[in-house]
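Observations on the model geometry
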Amino acid sequence: MRTQHAFDPELAAALALMPEVDLSDLAAARAAQAQQLAVALAASDTEGVDIEELRVPGPPGAPDVTLRLHRPRRRTRGPGPLPVVYGIHGGGFVLGSPDVDHDWNVLLCRELEVLVVSVDYRLAPEHPYPAALEDCYAGLCGLVDRAGPLGVRADRIALWGDSAGAGLAAGLTLLVRDRGGPAIRFQHLCSPALDDRLETPSARLFTDTPVWNRHNARLSWDAYLGGRPHPGAVVPVHAAPGRAPTASLAGLPPAYISVMEFDPLRDEGIDYAHALAAAGVPATIRLLPGTFHGAWAVDHAAVIQDATREAVSVLGTALGRR
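Residues numbered from 1 in each chain as written. Predicted model: local features only at pLDDT ≥ 70, side-chain atom pairs only at ≥ 80, totals over all residues. Heavy atoms only, no water.

Ranked by internal contacts, the top residues of the largest apolar core, which has 71 residues, are L67, Y86, I88, L172, L249 and Y272. No other element matches helix α6 (residues 164–179), which puts nine residues into this core. With sequence-adjacent residues up to four places away left out, L67 is seen in contact with E52, E53, L54, V56, Y86, V117, S118, V119, G139 and L143. (Core = buried A, V, L, I, M, F, W, Y, C linked by side-chain atoms within 4.5 Å. Buried < 20%, exposed > 50% of the residue type's maximum accessible area, 1.4 Å probe, protein only. Helix = DSSP H or I, 4+ residues; strand = E, 2+ residues; numbered from the N terminus. Contact = heavy atoms within 4.5 Å.)

Shown next, in the form of structure tokens:
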């Protein structure tokens, strides 16, 4: 019997219509998601946004990386190169594609008049760490290398990610700094998956929460890391940024981190925000009351509408669009 949590009433009412996610049968989970996304895409409104795909060289020895570009058709802020939101979809490192964030990417493109780029990275367990992260890095470098022809500002790039995608965004921010790669102006992390140890109070408490729980979190990390690390194993901070010593976070770009109240990933997001702040990195933490992992999908709920407005505003301010 599922534990009763004090969910927001609008979110609680929507739970019956939300599919369960069970990574124990990955093939079935992928098939179910593909069916759901096909229905959602068929109903999507892309008015005012031009969408195309661009292939750029992948990591050494790996396939090319596909980037999906969302470009505003209407320009009220004048001509010139566009700022960029570089988005990384979620899915526990094992599910998903740019289709997952389709409506969100279209919304950002319209509202902020920026180029929204979604990277299609390789998935675990077929491609464990560092495949996904290296794909994200190669996609970002390929985008910046083509900044002129694409009409974008290489000095105004914000990373955005949700769940595992937010973990990848945090890892990419570290990797870019450590390699001297493209400049990142801002990191926007939603419900980030940051720490494979799953030792926080929320990771231990929320074993039967909707959409995401400790069981799924463990399976996703095992897939991404190529198996469960033995006690004392060295897991790279680029894979699990929550393991990074506070001092090593100095010099990163400002961050906005939002977390859901009833989510096993809640406390690692809060801890990461505190660690960034302790390292001198401007960091804002936003806890959404009454929410669970994946509650963004319930876009008619007032708590989600408020959070969406704030998220758009934060990104707009970071990119000089507010």
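Now for helix α4 (residues 131–145). Under the 1.5 Å per step criterion, the end-to-end length of α4 is 21 Å for 15 residues, consistent within 8% with the ideal 21 Å. The element α4 is largely enclosed, with a buried count of 13 among its 15 residues. (Expected span 1.5 Å × (residues − 1).)

Looking now at the pairing of strand β5 (residues 152–162). Here β5 lies mainly inside the structure; eight of its 11 residues are buried. For strand β3 (residues 82–88) and β5, the ladder comprises six bridges, and the chain directions are parallel. Residue pairing in the sheet places G87 in a bridge with W160 of β5. In this region the chain leaves β5, passes through α6 and returns to the parallel neighbour strand β6 (residues 186–190); the handedness of that crossover is right-handed. (Pairing = 2+ DSSP bridges. Right-handed = clockwise from strand over helix to strand, strands pointing away.)

Considering all chains together, one arrives at eight aromatic pairs under this definition. Seen in terms of ring centroids, F93 and Y224 are 4.0 Å apart; in terms of plane orientation they differ by 5°. Their pairing is stacked. Residue F93 is found in the loop between β3 and α3 (102–112), and its partner Y224 is found in helix α8 (residues 214–224); the two are separated by 131 residues along the sequence. Of the two residues, F93 and Y224, neither departs from the other in class, the shared state being buried. A relative accessible area of 1% means that Y224 is categorised as buried. Through a chain of ring-to-ring contacts, three or more aromatic side chains come together here, namely F7, F206, F262 and F292. Here R179 stacks its cationic end above the ring of Y137, 4.8 Å away from the centre of that ring. (Phe/Tyr/Trp six-rings, centres within 6.5 Å; stacked < 30°, edge-to-face > 60°. Lys NZ or Arg CZ within 6 Å of the ring centre and 35° of its normal.)

A cis amide bond, omega 0°, links A124 with the succeeding residue P125. Looking at the element boundaries, P125 is found in the loop between β4 (115–120) and α4. Cis geometry is adopted by the peptide bond preceding P130, which originates at Y129 and carries an omega value of 10°. By the secondary structure assignment, P130 is in the loop between β4 and α4. In this model, L198 sits at a positive phi of 50°, which is unusual for a non-glycine residue. Within the secondary structure, L198 sits in the loop between β6 and α7 (201–205). Classification of L198 by relative accessible area gives buried; the value is 2%. The backbone of V211 shows a phi angle near 65°, a positive value even though the residue is not glycine.

Tracing the backbone through its elements, the reader meets S220 in helix α8. The contact partners of S220, leaving out residues within four places of it in the chain, are L23, G92, F93 and W212.

Once that is clear, we can look at the layout of surface pockets. Here the largest pocket defines a volume of roughly 1,700 Å³. In terms of lining, the largest pocket is formed by 48 residues, of which the most central are V100, G294, W296, A297 and V298. Secondary-structure elements contributing two or more residues to the lining of the largest pocket are α2 (26–42), α3, β5 and α10 (302–318). A total of eight residues in the lining of the largest pocket trace back to one element, the largest contributor, which is α2. Residues that form the lining of the largest pocket fall into these classes: 24 nonpolar, 13 polar and 11 charged. (1 Å grid on protein atoms, 1.4 Å probe; cavity = no way out; pocket = protein on both sides within 12 Å on 5 of 7 lines; lining within 4 Å. Points joined across faces, edges and corners; volume = space filled by probe spheres on them. Nonpolar A, V, L, I, M, F, W, Y, C, P; charged D, E, K, R; others polar.)

The next thing to look at is the packing of α4 against α6. It is the contact of α4 with α6, at a shortest axis distance of 10 Å, that shows an interaxial angle of 60°. On the basis of the axis angle, α4 is oblique to α6. In this structure, α4 meets α6 at a crossing whose hand is right-handed. Along the contact surface, α4 presents A132, L133, E134, C136, Y137 and L140, while α6 presents L168, G171, L172, L175, V176 and R179. (Axes fitted to C-alpha atoms, helices over the stretch in contact; angles between N-to-C directions. Parallel < 35°, antiparallel > 145°, perpendicular 65-115°, else oblique. Left-handed = near helix turned anticlockwise from the far one by under 90°.)

Time to look at the sheet that holds β4. An order of β1-β2-β4-β3-β5-β6-β7-β8 is seen for the eight strands of this open sheet, with the pairing classed as mixed. Each of the sheet's edge strands pairs with one partner strand only, and the pair in question is β1 (49–56) and β8 (283–292). Put simply, the sheet's adjacent strands are angled 20° from each other on average, direction ignored. Note that β5 and β6 share five bridges and pair parallel. Residue pairing in the sheet places L159 in a bridge with Q187 of β6. Running at roughly 140° to β5, α6 makes contact with β3, β5 and β6 of the sheet.

With respect to the helices and strands, the residue T200 is situated in the loop between β6 and α7. Sequence-wise, T200 and D271 are 71 residues apart; in three dimensions their C-alpha atoms are separated by 9.1 Å. Apart from the residues within four sequence positions on either side, T200 is in contact with P264, D267, E268 and D271.

Interpretation in functional terms is not warranted from these geometric data alone.
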